[in-house]
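These are the residues of each chain, in order.
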Amino acid sequence: MGTTSDRSLNNSKKRKRTVGIDEYFVDGNDDCGNGRERFNICQKLWEKIKMDTEILQDELNEKILESLLDFIKKCTLSFQSRTDDWASRMRASEIPTAALVLGVNVPDHDMTFQSLSDLLKNSVTPFSVSVQAKECTALKNLMQRVLERLMGVGVSVEEDEEDSGIHLPQKRVSCSISVLCQWYKTVTKKHAMKSPDKTCSENGFLQSPPIVVIFKDFEAFNPRVLQDFILICNRYIHELPLIFVFGIATSPSTVQHILPHSVSSLLCIELFQSLSCTQHLATVIDKLILTSQFPFKLTGKVLQVLVSIFLYHDFSVRNFVKGLQLALLEHFHSQPLSVLCCKKQEARHNAQKLSHKDVEMVRQLPSFMRYVETQEPQEQVQLLTSDDHVKEVCQMLLKGLRKYHKNYYPILRCLHSLTASLPKYPLGKQIRELHISCLEKNVWETNEYESAMQLLRLLAKDELVAALRKCADILKPGKTKKMKSALQQLEDYIIRFEQLDGMSIETLSGEEITSPGKDLQKKTDLFQLQKTLLEMKGSRRTKKMSPFEILRNETLDFIDGLVRSHLTPPELQPLNEVCYYSSSGVLRRHLNATPRTSIQTALSHPFYFLQNENLKTDAGTVSSAAPDICIVYKLHLECGRLINLYDWLEAYATVVSAAEGKDPDAEDYGKVDELKHARFIQSVSELEFLGFVKSTKQKTDHVARLTWGGC
C-alpha cells in the first residue's frame, strides 16, 4: 500500500509540473542549451527595451510635469496668502484647473498620469486622487470614489448601499463634501500640532497641502456629472484647497463644449500641452532602432507594419513598443541562429560553440549561400565541408555586420539632415521614411533621390555650409576608420567653402560673357531671330562654372559616394538573418487582428480550423456534416435583409437530413422534429450573439440580417 501511495504521489507531482517560459524556446529536436541561451539573450534585450522606454518617457514628460508641479505649488501658496483686494477675492472664488492636453494616444496616458501622481505624492501633497469616466457614471459614484480614495474609508450612499468593489474594512461615512471638509481640517490640524513653527511638515509637504483631483479621460465623463460636481466643490472652495487636472485627448475647446459658461467661469484654467505622439515616436525609433548599440533589427516591411498601426489605429507609442517586443520574441523563438544576435564578446563565444546542426543551418541561409558563391573554389570547399572553418568565418562576418551598422546609421542621419528641409520632402520628412527606403532598395536608384540631389545642387553657399556642419557634428561620434576619414574630408570641404569668402564677386559668379541677346534689340527677321536664340542656348550650355559651383558639385558627389558605399540594403550583408526579423505577416496577424474576418472564415470554411477531412468542400458550398451554426450561417448568406425563420428552418432541416444519410424519397426527409428544431434555435441564438442577425418588429416571424459581404 505504501508503494502504491508513493507512486501515485509521484504521478501527481509529475502532473502538476508547469512548463518554464524558457522551455518554449526549446524544440523537441533542438539543442537544449541553445534554446535557453536564446531565451536569456531575448530576456536581456526585452528588459533593455523596457528600461530605455521608461527613461525616454520620463525625459519627454519631465518639462510638462515640472510646469504642472509649479502651477500646483503656486496655487497652493495663493490659498495660504489670500489678501483682501478685489482681484484676489475674485480669484479665490475660482477652482485652479490645469487643462492637460495629451493627444489622442489614449493608451499612453496612464504612464503620464502615474508619473504625475507619484511626483505629487512625493513633493507636493499626499492628497491626490485619479478618477476615470467608466467608474463615475453618476454624481454619487464620482463623490464616492473621490472620498474613498482620499479618506481611506468606505463611503455609504443613501440611495445605493451595494458594495462599490473596493474592500475597505474600516468604518463607513456619509458621501458629502462637508464630511471631506471636516476630515481635511482634522488631518491638517494634526500635522500642524506636530510642527507648529514650520511652513512645511517633516515629509516636505506644506501645512495645508492641496487636494488634487485628476480626471484622466475628461471627454468621456458625463457632462451633467462634471457640472454638478464642480458646482458643489465651488461652494467649499474657501474651506478646501481644491485643484483639478483635466486629461484632454482632443482639443482645449472641449472644456467649453462640455461645460457651460456658468460652470466654466468657476474655474481658473491654465493650458498645458504635452509633446505630440509623433515626436515621441520619432525619439523612440531614434533610440531603439536607429542605433548600432542594439543588436536586434527590423526589416523594412516589419517596421512599416508597426508604423502603419501607429499612424492609422491608435497613435500609441506604448503599443508600438509592445509590437517591437513581440517582434523580438518571435525572432528569438523562430530563428535558432538568433543565439548570435547579441553583444560582440558573447556573439564570438556563441559562434565557437555552434553545433553541427547549427552550422548546417548557417550554410542554408540565403545570405551565406550568396557569400559562398563569391569565394574562390578552394574556399568554397572549406565552407561546405569544415565546421570549424565556418565558425571562424561566422565570427568574421558578424564583425563585418557590426561595422556595417556603425557606418550605416551616421550616413543615414547625414542624408536625412541634408534632405529634410528640401521642398516637398523628396526623401521623406521623418528619418524613419528614409530608413525604410534604404532597407528595401538601393535608395540612390530612386527618382526621389535624384530629385533631392538636383535640389541640393541649387542650394546657396550659406545653406549648404550650414547643412555640411550638421553632417560633421553627426559624424564626430563615429569610431570606425571610414567615418573618421569621411569626417576629415567633410571638414576640408567646409574650410574650402569658407575660403571662398575672400574671393571677389566677379570671380565667384564667373567671367562676364558677352551675350548675343544684345542683338535682339535691333530690328531683325525671323531667320535672324531663330539663329540668335540658338546661339543663346548654346552659350548657356557652354557657360563657365564658378569656383563655388565646382566645389558644390564636388562636395555633393562626395556625399553621393558615401550613400552608395554605406546605405546598401542589409539583405546584401552575410548573416543578416541572424539579427533581422522579417516575418511581417505574422506580426500583422498578432497586432492587427480582424475578429469579424476570423469568425466569418470559421463559419464559412470550418475545415480551416477543425482540420476534419469530412468538412472539405468546393468554394462557395458547405458540407452537410458541418456544425449546425456553420450550416445556419451559410444559409443566411443566401437571404436578403429580412429572413423568414420558417423557411430558414426548413432549409436547415433538409441539409441536416442529408447529413444523416436519409433517403431523399422518404416521407420523413426534411421533416422538422423537436431535436432539429432545438438545434436550429440554438444556432440562431449563437448567430444573434455574434452580431449577424437580430430580432425585428417589422415582422414577428422574421429576423434582420446585420452583416454583408462574406469571405
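Everything below is about the structure shown above.
Fair warning: this is a prediction, and the values are worked out from it, not measured in the lab.

Reading the values: the criteria
- Residues numbered from 1 in each chain as written.
- Predicted model: local features only at pLDDT ≥ 70, side-chain atom pairs only at ≥ 80, totals over all residues.
- Heavy atoms only, no water.
- Helix = DSSP H or I, 4+ residues; strand = E, 2+ residues; numbered from the N terminus.
- Pairing = 2+ DSSP bridges.
- Axes fitted to C-alpha atoms, helices over the stretch in contact; angles between N-to-C directions.
- Parallel < 35°, antiparallel > 145°, perpendicular 65-115°, else oblique.
- Left-handed = near helix turned anticlockwise from the far one by under 90°.
- Contact = heavy atoms within 4.5 Å.
- Nonpolar A, V, L, I, M, F, W, Y, C, P; charged D, E, K, R; others polar.
- Patch = residues over 30% accessible without salt bridge, like charges linked within 9 Å, V, L, I, M, F, W, Y side chains within 5 Å.
- Areas by Shrake-Rupley, 256 points an atom, 1.4 Å probe, with all protein chains shown as cover.
- Salt bridge = Lys/Arg side-chain N within 4 Å of Asp/Glu carboxyl O.

Draft legend 1. Focus on unusual backbone geometry. The backbone of Lys-424 shows a phi angle near 65°, a positive value even though the residue is not glycine. Structurally, Lys-424 can be placed in the loop between α17 (387-419) and α18 (431-440). The phi dihedral of Leu-575 is positive, around 65°, even though this residue is not glycine. Here Leu-575 is to be found in the loop between α24 (547-566) and α25 (576-579).

Draft legend 2. Focus on the pairing of strand β12 (residues 702-705). Two strands pair when backbone bridges link them, and strand β10 (residues 642-644) and β12 are joined in this way by three bridges, in the antiparallel orientation. Within the sheet, the bridge partner assigned to Asn-644 lies in β12 and is His-702. Pairing geometry for strand β11 (residues 693-695) and β12, over three bridges, is antiparallel. Its bridge partner lying in β12, Val-693 is registered against Arg-705. Between β11 and β12, which pair antiparallel one after the other, the connecting turn spans six residues.

Draft legend 3. Layout of the packing of helix α11 (residues 300-314) against helix α12 (residues 317-334). Contact geometry of α11 with α12 gives a least axis separation of 10 Å together with a crossing angle of 155°. Taken together, the axes of α11 and α12 are roughly antiparallel relative to one another. Note that α11 runs across α12; the crossing there is right-handed. Two secondary-structure elements touch here, α11 through Leu-303, Leu-306, Val-307, Phe-310 and Asp-314 and α12 through Val-317, Asn-319, Phe-320, Gly-323 and Leu-324. When the residues that make up the contact of α11 with α12 are grouped by side-chain class, the tally is seven nonpolar, two polar and one charged.

Draft legend 4. Quick look at a nonpolar patch on the surface. Judged by side-chain polarity, Leu-526, Leu-529 and Leu-533 come together as a nonpolar surface patch covering roughly 290 Å² of accessible area. Mapped onto the secondary structure, Leu-526 falls in helix α23 (residues 526-541).

Draft legend 5. Region of interest: the packing of helix α16 (residues 377-385) against α17. Running from N to C, α16 and α17 cross one another at 105°; their axes reach a closest spacing of 6 Å. Here α16 lies roughly perpendicular to α17, going by the angle between them. For the pair formed by α16 and α17, the contact residues are Glu-379, Gln-382, Leu-383 and Thr-385 on the first element and Asp-387, His-389, Val-390 and Val-393 on the second. Here the residues of the contact of α16 with α17 sort into three nonpolar, three polar and two charged.

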